[in-house]
Amino acid sequence: MYNFGGRITGFFDFTHGGIPTIAYDDYGHGTHIAGLIGSSGALSNNEFQGVAPEVHLVGLKVLDKTGAGRTSDVISALEFLLNFKQVRANIVNLSLGHPVFAPAAAAAIFLA
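Predicted model, so just to flag it, every value in this text is computed and none were measured.

Now for unusual backbone geometry. The residue Asn45 is not glycine, and still its phi comes out positive at about 55 degrees. As for its placement among the helices and strands, Asn45 is situated in the loop between α1 (29-38) and β3 (57-61). Using a relative accessible area of 73% as the deciding quantity, one classes Asn45 as exposed.

This next bit is on the packing of aromatic side chains. The geometry of an aromatic ring pair is captured by two quantities: the separation of the ring centres and the angle between the planes. This model, assessed by the stated rule, comprises five aromatic pairs. Relative to Phe84, the ring of Phe12 lies with its centre 5.9 Å away and its plane at 70 degrees, an arrangement referred to as edge-to-face. You can see Phe12 sitting in strand β1 (residues 8-13) and its partner Phe84 sitting in the loop between α2 (71-83) and α3 (104-111), a full 72 residues away along the chain. Through a chain of ring-to-ring contacts, the aromatic side chains of Phe12, Phe14, Phe80 and Phe84 assemble into a single cluster.

What follows is about the confidence of the model for the chain. When the pLDDT values of the chain are averaged, the result is 88; 90% of them are 70 or greater. Across the chain, the secondary-structure element scoring lowest on mean pLDDT is α3, at 57, and the one scoring highest is strand β2 (residues 19-20), at 96.

Moving on to the pattern of salt bridges. Going through the model one piece at a time under the given rule, you end up with two salt bridges. In this structure, the salt-bridge partner of Lys61 is Asp26, at a minimum N-O distance of 2.8 Å. Pair noted here: Lys61 is in strand β3 and Asp26 is in the loop between β2 and α1, with a separation of 35 residues, a long-range link. The exposure class of Lys61 is buried, given its relative accessible area of 8%. Between Arg70 and Asp73 there is a salt bridge whose closest N-O contact spans 3.1 Å. On the accessibility criterion, Arg70 (54% relative accessible area) is exposed. Relative accessible area serves as the criterion here: at 9%, Asp73 is assigned to the buried category.

Thresholds applied
- Residues numbered from 1 in each chain as written.
- Predicted model: local features only at pLDDT ≥ 70, side-chain atom pairs only at ≥ 80, totals over all residues.
- Heavy atoms only, no water.
- Helix = DSSP H or I, 4+ residues; strand = E, 2+ residues; numbered from the N terminus.
- Buried < 20%, exposed > 50% of the residue type's maximum accessible area, 1.4 Å probe, protein only.
- Phe/Tyr/Trp six-rings, centres within 6.5 Å; stacked < 30°, edge-to-face > 60°.
- pLDDT = per-residue confidence, 0-100.
- Salt bridge = Lys/Arg side-chain N within 4 Å of Asp/Glu carboxyl O.

Here it is as structure tokens:
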């Protein structure tokens, strides 16, 4: 977490009910995405910085150590952002995926 230099201002684990905890990433994807966004580049002598190296981050963990999660945990995390006034999020990144259950044409019809 050295590349974030104290800029992780909160971390809440929704795989365990949304409890506040010390930031951790037992799967790795969240740290990867956070690094692309906000790495200071300190560990690479500033050669590899994120696109916003001075940003403050709040982690809302919704996936377990295998990268699996429940939709209800994602919804709980988003509701938390809306209701917990101490967390002022200007941008939210949702790096989630799931298997394709329907053809793209069905999604286009749904969105229309």
